[in-house]
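# Structure assessment
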Amino acid sequence: MKNAYALNTPKENPGVASYVLSHVRTFLRPLALAIPLALFAINANAAQDVSVDYTNVLRKLDHLALGGVDESAYGAPNVLVNDALQQARLKALGVPYMRINLKYSTPGNPNSPIVCGASGCDTRWSGDDWVNHIKALGAEPVVEDPSNPSDLPSLVKHFNVDTNNPVHRWLGGINEPNIHGQTATTYSTNFNVTYDAMKAVDSTILIGGPTIAWYDSGFLQTFLNMSGSRVDFLDFHGYAQGTTQLTYDVLFGKAQTYETDILDLYKRIQATVPSRASNISIEVGEWDLDDAGHALEYTPFEAAWGASTMGHILRAGGIGMLYADKGNLLLKTGAEVPNGKLDDPTPMYHALGMYTGEGLFPSFGTDLVQATTSIPNVEVYASDNPKNIVVINKDPNLYQTATFALNGVSTGSAEVWRRDQSSGSSASPVDMGAVQIVNGSFSYSLPPFSVTTFVVGGSSTPAPGPSVSGFSLYDADTKKLIGVLQNNQTISLSKLPTTHLNVEATTAPANVGSVVFGLDGQANFHVENYSGYFMEGKSGNYWAPTVGAHTITATPYAGKQAQGQQGNAGSIAIHVEP
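Structure report, in brief. (Residues numbered from 1 in each chain as written. Predicted model: local features only at pLDDT ≥ 70, side-chain atom pairs only at ≥ 80, totals over all residues. Heavy atoms only, no water.)

### Digging into the overall build of the protein chain
For the record, the criterion: A run of DSSP states H or I qualifies as a helix once it reaches four residues; a run of E qualifies as a strand once it reaches two. Both are numbered from the N-terminal end. The reference for a compact globule is 2.2 Å times residues^0.38; the radius of gyration itself is calculated from the C-alpha atoms. Each residue is placed in one exposure class: buried if its accessible area under a 1.4 Å probe, protein chains only, is under 20% of its type's maximum, exposed if it is over 50%, and partly exposed if it falls in between. Here a residue-residue contact requires only that any non-hydrogen atoms of the pair lie within 4.5 Å. Only the protein chains shown count as cover for residues, and all accessible areas are computed by the Shrake-Rupley method using a 1.4 Å probe.
Helix and strand counts for the protein chain come out as 9 helices and 27 strands. Here the protein chain has a C-alpha radius of gyration of 25 Å; the compact-globule value for 578 residues is 25 Å, and the two agree. Oriented by its inertia axes, the alpha-carbon framework of the protein chain measures out at about 75 × 60 × 45 Å. Considering the protein chain as a whole, with its 578 residues, one finds that 57% of them fall into the buried category. Pairs at least 24 apart in sequence give 73% of the contacts found in the protein chain among residues at least 6 apart. Carbon and sulfur atoms provide 53% of the accessible area of the protein chain, an area that totals close to 22100 Å².

If you want it as structure tokens, here you go:
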């Protein structure tokens, strides 16, 4: 859970003048959108370089590294299990890894229902519901029971043995022991007992710890001394600030601290358990600006800061897990910002999306390559497979002109995607077109507080139209997923939890203008304008199919009400039996 503790660097008071200045910038920034480009200061050092060396691979990135997020189970009555739009948003973002807190409703009784464990979470749904919906996103779940770690072996048995719904990654102790009165020695002793019991149930699982509230090198060193022969991955948390609002410069410095801490911990692993060092990964199991709302939330700064933090975690070889989905990546109610709606994406969502691509462009690649810059207040991170370059201009005022030198790419083009101060809170990255690469070089202007992704070798032709890639069957009353539909599938009504059904069309990208559903020859059975795209809408209507053959079609359009470019339709035939 979130806490009021920041990273291990000392808290700083920016002083009244700096504090006021940062807030004035925050609140006046929307006014700057109307100011012509020429009125902004231009960096005089326009010729300074960004260098990317595709022949120098620094590391292979962990497949879980990019865009992990904690599933808080908050936001009832609209949570991951029953909120189709939330599911679509997270799937579009490409979230690879999600933590979920589960417990037995009666601690110590493995025959009692498994529910979410966080205080105030939505306990209507079973542990299997949570795990299945995380998996349906294409993400890997990591399960914890921090209130009752002694129940973890039974939870492993439930998922990995009894129900054959395996969970591969687990956290093996209480959460944030260093703020809950547990010393490193006590935590490590308990962790070892729990670890051995869990591995006795399934020896193939990976178990991590110690999930401390901030980077505490002494605690981690004791844990490595006592549990380094066992632990499979290390987990620590870090928030950039506590209750005091820090300045831009200080907060960007805190982003750098994630990288410093991860690198320090890798050195400690190598020194303490060298024979296992290559098998122990590091994740920042919770990260964000702070544990509560702040003046910079939902502003362009948050997108730039989030992208900077993600880049530093990647460069150090860590796995990042933002806290959390509902209320941080996505609006919990819509009331958080003017004209907001439930599940609207936030600047932090797009901070991660500038790496994952959000289904709009290829994700950051599997290989991190050498990338450097001499431009003040600019950061650069680059990958191969595919070749993406993420550039962050941290300056709140200056346009910075960057000249790129690419080693390993001589000619071609790079497709440009950008988020900057002109972007609305929920607005997706904008396709800025292509820039030509000549003799391994190109130049580009970086707006203030912007994140720009260059997809080297990306097509500059118009993106393909929307398409429908599949269909899923839902309980229309509870909005729970029943299963993914296959063409020519037979459905037995007697085996379903209800005969009040709804069908969702899966689109690419996840957000299109509209989808027109057809049913059994009715070509315009229903038009759905907002994701998720359900044949009976999202207002409580349902489909009660008759016994026999049925055909469902779904045609996506770029605009609302079936306007704009028509995409590739999807169709499915199903047979319904009693």
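### Considerations on the sheet that holds strand 1 (residues 49-60)
The cut-off we apply is this: For two strands to count as paired, DSSP must find a minimum of two bridges between them. Where helices are involved, their axes are fitted lines through C-alpha atoms of the stretch in contact, as for all axes, and angles between N-to-C directions lie from 0 to 180°.
Pairing is mixed across the open sheet formed by 9 strands, whose spatial order is 16-15-18-13-12-11-1-14-17. In this open sheet, the two strands that pair with only one neighbour each are strand 16 (430-437) and strand 17 (441-446). This sheet shows a mean twist of 25° between the axes of neighbouring strands, independent of strand direction. In the sheet, strand 12 (residues 378-384) pairs with strand 13 (residues 388-393) via 6 bridges, with the strands oriented antiparallel. Bridging from a neighbouring strand, Val378 pairs with Asn393 of strand 13. Set on the sheet, helix 8 (residues 300-316) makes contact with strand 1, strand 11 (367-373), strand 12, strand 13, strand 15 (412-419) and strand 18 (450-456); between it and strand 12 the angle comes to about 50°. Across the sheet, helix 9 (residues 347-356) lies against strand 12, strand 13, strand 15 and strand 18, angled at about 170° from strand 15, the strand it touches most.

### As for the state of the cysteines
Filter applied, for reference: A pair of cysteine sulfur atoms is labelled a disulfide when the two atoms are within 2.5 Å.
Under the definition given, this model contains 1 disulfide. One disulfide in the model links Cys116 with Cys121; its S-S distance is 2.1 Å. The sign of the S-S torsion, about 100°, decides the handedness of the disulfide formed by Cys116 and Cys121: right-handed. Taken as a pair, Cys116 and Cys121 share a single burial class, namely buried.

### Notes on the side chain of Thr452
Within the secondary structure, Thr452 is located in strand 18. Classification of Thr452 by relative accessible area gives buried; the value is 0%. If we ignore the near neighbours within four places in the chain, the residues touching Thr452 are Met354, Ile389, Val390, Val391, Val416, Trp417, Arg418 and Leu446.

### Thoughts on the packing of helix 5 (residues 184-201) against helix 6 (residues 217-227)
Defined as follows: Working rule for handedness: look at the near helix, and if it is turned counterclockwise from the far one by less than a right angle, call the crossing left-handed; if clockwise, right-handed. Side-chain classes follow a simple rule in which Ala, Val, Leu, Ile, Met, Phe, Trp, Tyr, Cys and Pro form the nonpolar group, Asp, Glu, Lys and Arg form the charged group, and the remainder, Gly included, forms the polar group.
For the pair helix 5 and helix 6, the least separation of the axes is 9 Å and the interaxial angle reads 35°. In terms of crossing hand, the pair formed by helix 5 and helix 6 is right-handed. Facing helix 5, whose interface residues are Ala184, Thr185, Tyr187, Ser188, Thr189, Phe191 and Asn192, helix 6 presents Phe219, Thr222, Phe223, Met226 and Ser227. Among the residues forming the contact of helix 5 with helix 6, the class breakdown is 6 nonpolar, 6 polar and no charged.

### Side note on the pairing of strand 27 (residues 570-577)
Burial along strand 27 is one-sided: Gly570, Ile572, Ile574 and Val576 are buried, while Ser571, Ala573, His575 and Glu577, pointing the other way, are not. Note: strand 21 (residues 489-492) against strand 27, 4 bridges, orientation parallel. Paired with Thr490 across the strands is His575, a residue of strand 27.

### Brief notes about the pairing of strand 7 (residues 206-212)
Spelled out, the test is: Every crossover in which the path from the first strand over the helix to the second runs clockwise, viewed with the strands pointing away from the viewer, is termed right-handed.
Most of strand 7 sits inside the fold, with 6 of its 7 residues counted as buried. Bridging between strand 6 (residues 169-171) and strand 7 involves 3 bridges; their strand directions are parallel. Each bridged residue has a counterpart across the sheet, and for Trp170 the counterpart in strand 7 is Ile207. In the classification by handedness, the crossover that spans strand 6, the intervening helix 5 and the parallel strand 7 is right-handed. Pairing between strand 7 and strand 8 (residues 233-239): 4 bridges, direction parallel. Bridge pairing links Gly209 to Leu234 in strand 8.

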